[in-house]
Amino acid sequence: MNDAKTGTPWIEHESRAAVLAELHARPFVPLKVPRRIYHFAFETNRERAAADRAAVAQLARDHGAEPPAADAKFHYLILGDWRLRWEQHTEFATYTWSTGVDAETPFRHPDPVAAGDIAFQQPGPLIVATHLSVTGADTPLEDIAALFKSQSLCVIGIGKESAHAFVDFAVDSHGFTRMALRVRRASPMETGRLAQRMLEVETYRTMALLGLPLARAVTPEISAMEESLSDITHALSAGQDPQSNQALLKRLSDILAANEALATRTAFRFGASRAYHALVKNRLDLLQESKEGEYPTISNFLSARLDPAIETCNAVEARQTRFSTDVARTTNLMRTGLTLDMERQNSALLDDMVRRTRLQMRLNRMVQGISVAGLAYYVVGLFAYFAKGLKEAGVLPATLSADMAEAIAVPFAIAVAWAFMARVRFLSKRAAKEELGD
């Protein structure tokens, strides 16, 4: 095989370039200490994403910077003293603003948007707002910890003790969740990597929890459908007439359709919650957490709160699946009962048809007998005219009257009539066999 570096015109897979570019689509940005970072995540869809990219492009042009490409999912802008990292994901977009101006004191500037330091167009409903303070090792750990709520504060060593991370997952008075990164001996590139992973933990943690309100909202609907199914099953076991069973079957079909619609509405959200939960676990593994003093680790904190929420979503989804199975089983049972009722009705109809057929066959035999007698009578009547003519012509012997000749002809007329009717029956049977044979 020729070396691809020689310029051989290989026919590449249509997705090769996109797959290779994906590995470098969201690079880490070096961070110098100290730094204050404001991270926002907004819910988007296709239309909002397109409008968001256009807004970022306009923001770049307003500041004389290069706008993002038409298909870009990541863009980095230098806007004076500020740096903006913009990303688009499947269902949300993130804006990460950072600056080193007045960053020595953690959380000294709690809301740069309200202060007018930064401005941008919100692309959709706000999901995440995080304030991350990056400080040096000269700031005492206890001083940073005092800025958080002690009841939920997690402090960990990360990156083989190259830094300490602080987070309490609580929302401050300005609507931000606070995080802090105390850098000990990390390079700017490693600092940027650690900060990005901390922000991703918060973003994916929030996205994973979006399934919980939906799970709680649909639980009463599932409970109501389960009660309806129980009522239908009880009515079915009590025995109903066919008309009532048809009404119960209609109710079952309506319940099944409602559950399928509910499952369709929740399937994406629950699946996305599981995927984001896996991303949270992955980012925590990459942080290489180590316990710091008596503070809980982020993994332990989230295991006690995030994992049960995901299990709740999984339980509701499993409950929907089980309910669909129960409804399908009950429907099949009811249809089986209706089928048996129809078979009994059909059997009764067939018995009645057999009885009617036998009665008709008897009537046919009686009619055939009457037909033979009638035909014989008709033939004898014709022969009577013929015998009278022969008598008047002197053809018959003098001792044989026309009435006697008519009487002698009766057996022969009956035989002829019977033979004729037998022939008719034979031809009818043969025609019926030929028709069935076709």
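So, here is what we can say about the structure in this document. (Residues numbered from 1 in each chain as written. Predicted model: local features only at pLDDT ≥ 70, side-chain atom pairs only at ≥ 80, totals over all residues. Heavy atoms only, no water.)

## Concerning the overall build of the protein chain
This is how it is decided: Helix and strand assignments come from DSSP, with helices taken as H or I runs of at least 4 residues and strands as E runs of at least 2, each series counted from the N terminus. Only protein chains enter the calculation, and the probe is 1.4 Å; a residue is then buried if its accessible area is under 20% of its type maximum, exposed if over 50%, and partly exposed in between. By definition in these notes, contact holds between two residues if any of their heavy atoms fall within 4.5 Å. Here, Shrake-Rupley sampling with a 1.4 Å probe gives the accessible areas, and only protein chains in the shown set may cover a residue.
When helices and strands are tallied, the protein chain shows nine helices and nine strands. Per-residue burial over the protein chain gives 38% buried out of 438 residues. Of the contacts made within the protein chain by residues no fewer than 6 positions apart, 70% connect residues no fewer than 24 positions apart. As presented, the protein chain carries roughly 25,400 Å² of accessible surface, and 58% of it is formed by carbon and sulfur atoms.

## Focus: the pairing of strand β3 (residues 82–88)
Put simply, the rule is: Two strands are counted as paired when DSSP detects at least two bridges linking them.
For β3, a buried count of six out of seven residues is recorded, marking the element as mostly surrounded by other parts of the structure. Relative to β3, strand β2 (residues 74–79) runs antiparallel, the two sharing six bridges. Bridge pairing in β3 places His 75 opposite Trp 86. Taken together, β2 and the strand that follows it, β3, pair antiparallel across an intervening segment of two residues, in which Gly 80 is found at a positive phi of about 70°. Where β3 meets strand β4 (residues 92–99), seven bridges bridge the pair, whose relative direction is antiparallel. Bridge pairing in β4 places Arg 83 opposite Ser 98.

## So, the sheet that holds strand β1 (residues 35–43)
Rule in force here: In this analysis an axis means a line fitted to C-alpha atoms, helices contributing only their contacting stretch, and an angle means the value between N-to-C directions, from 0 to 180 degrees.
If you walk across this open sheet you meet the nine strands as β2-β3-β4-β1-β5-β8-β7-β6-β9, and the pairing is mixed. In the strand order of this sheet, the two ends are held by β2 and β9 (290–291), each with one partner. Pairing geometry for strand β7 (residues 163–171) and strand β8 (residues 177–183), over six bridges, is antiparallel. Bridging from a neighbouring strand, Val 171 pairs with Thr 177 of β8. Each of β1, β3, β4, β5 (126–135), β6 (154–158), β7 and β8 is contacted by helix α5 (residues 188–209), which is oriented at about 155° to β5, the strand it contacts most.

## Points about the side chain of Arg 35
The following threshold applies: Just so you know, the count uses Lys and Arg for positive and Asp and Glu for negative, and it drops His and the chain ends. For this analysis, a salt bridge means a side-chain nitrogen from Lys or Arg found within 4 Å of a carboxyl oxygen belonging to Asp or Glu.
With respect to the secondary-structure elements, Arg 35 resides in strand β1. Buried charge without a partner: Arg 35 forms no salt bridge, and the closest opposite charge is Asp 81, 8.8 Å away. When neighbours within four sequence positions are excluded, Arg 35 is seen to be in contact with Arg 83, Ser 98, Thr 99, Gly 100, Ala 103, Leu 132, Ser 133 and Val 134.

## Thoughts on the pattern of salt bridges
Taken as a whole and judged by the stated rule, the model has 12 salt bridges. The residue Asp 307 makes a salt bridge to Lys 281 at a minimum N-O spacing of 3.3 Å. Taken together, the residues span a long stretch of sequence, with Asp 307 in helix α8 (residues 298–392) and Lys 281 in helix α7 (residues 242–287) at a distance of 26 residues. Overall, the relative accessible area of 32% leaves Lys 281 in the partly exposed class.

## Section: the side chain of Thr 96
We apply this condition: Pairs of N or O atoms are called polar contacts if they sit within 3.5 Å, as long as, within protein, a hydrogen donor faces a hydrogen acceptor (for residues adjacent in sequence, only side-chain-to-side-chain pairs).
Note that Thr 96 resides in strand β4. Taking the relative accessible area as the measure of exposure, Thr 96 reaches 8% and is therefore buried. There is a polar contact of 2.8 Å between the side chain of Thr 96 and the side chain of His 39. If we skip the residues at most four places from it in the chain, Thr 96 touches Ile 37, Tyr 38, His 39, Arg 83, Leu 84, Arg 85 and Leu 199.

## Here's the deal with the nonpolar core
Soluble, globular proteins show a tendency: their nonpolar side chains are buried together. The test is simple: Take the buried Ala, Val, Leu, Ile, Met, Phe, Trp, Tyr and Cys residues and link them wherever side-chain atoms come within 4.5 Å; each set so joined is a nonpolar core.
One finds Leu 132, Ile 158, Leu 181, Ile 298 and Leu 302 to be the most contacted residues of the largest nonpolar core, which totals 36 residues. Listing elements by their share of this core, those giving two or more residues are β1, β5, β6, β7, β8, α5, α7 and α8. Sort the elements by how many residues they give to this core and α5 lands first, with eight residues.

## Regarding the packing of aromatic side chains
Aromatic ring pairs are described here by two measures, namely the spacing of the ring centres and the angle between the planes. Where we set the bar: Note on aromatic pairs: the rings of Phe, Tyr and Trp (six-membered ring only in Trp) are paired at centre separations within 6.5 Å, and the planes decide the class, stacked below 30 degrees, edge-to-face beyond 60, tilted for the rest. Whether a charge sits over a ring depends on NZ of Lys or CZ of Arg being within 6 Å of the ring centre and within 35 degrees of the ring normal.
Taken as a whole, this structure holds 15 aromatic pairs when the rule is applied. Judged by centre distance (5.7 Å) and plane angle (65°), the ring pair of Phe 40 and Phe 176 falls under edge-to-face. Placement of Phe 40 in strand β1 and of Phe 176 in the loop between β7 and β8 is noted, with a sequence separation of 136 residues between them. The class for Phe 40 is buried, based on a relative accessible area of 6%. A relative accessible area of 3% means that Phe 176 is categorised as buried. Residues Phe 107 and Phe 148 carry aromatic rings whose centres are separated by 5.6 Å and whose planes lie at 85° to one another, so their mutual orientation is edge-to-face. Here Phe 107 is found in the loop between β4 and α3 (112–115), whereas its partner Phe 148 is found in the loop between α4 (141–145) and β6, with 41 residues between them in sequence. On the basis of relative accessibility, which here comes to 9%, the residue Phe 107 falls in the buried class. Ring-pair connections join several aromatic residues into one group, and the members of that group are Tyr 38, Phe 40, Phe 42, Trp 82, Tyr 95, Trp 97, Phe 120 and Phe 176. Directly above the aromatic system of Phe 107 lies the positively charged group of Arg 178, at a separation of 4.6 Å from the ring centroid. Over the face of the ring belonging to Phe 28 we find Arg 193, whose NZ or CZ atom lies 5.5 Å from the ring centre.

## With respect to α5
Inclusion rule: In this analysis, the expected span of each helix is defined as 1.5 Å times one less than the number of residues it contains.
With 22 residues, α5 extends 32 Å from end C-alpha to end C-alpha; this agrees with the ideal 32 Å at 1.5 Å per step. Of all 22 residues in α5, 17 are buried; the element is thus mostly enclosed.

## Quick look at the pairing of β1
A large share of β1 lies buried, amounting to eight of its nine residues. Sheet topology note: the β1/β5 ladder contains eight bridges and is antiparallel. Bridge pairing in β5 links Tyr 38 to His 131. Where β1 lies against β4, eight bridges are found, and the strand directions are antiparallel.

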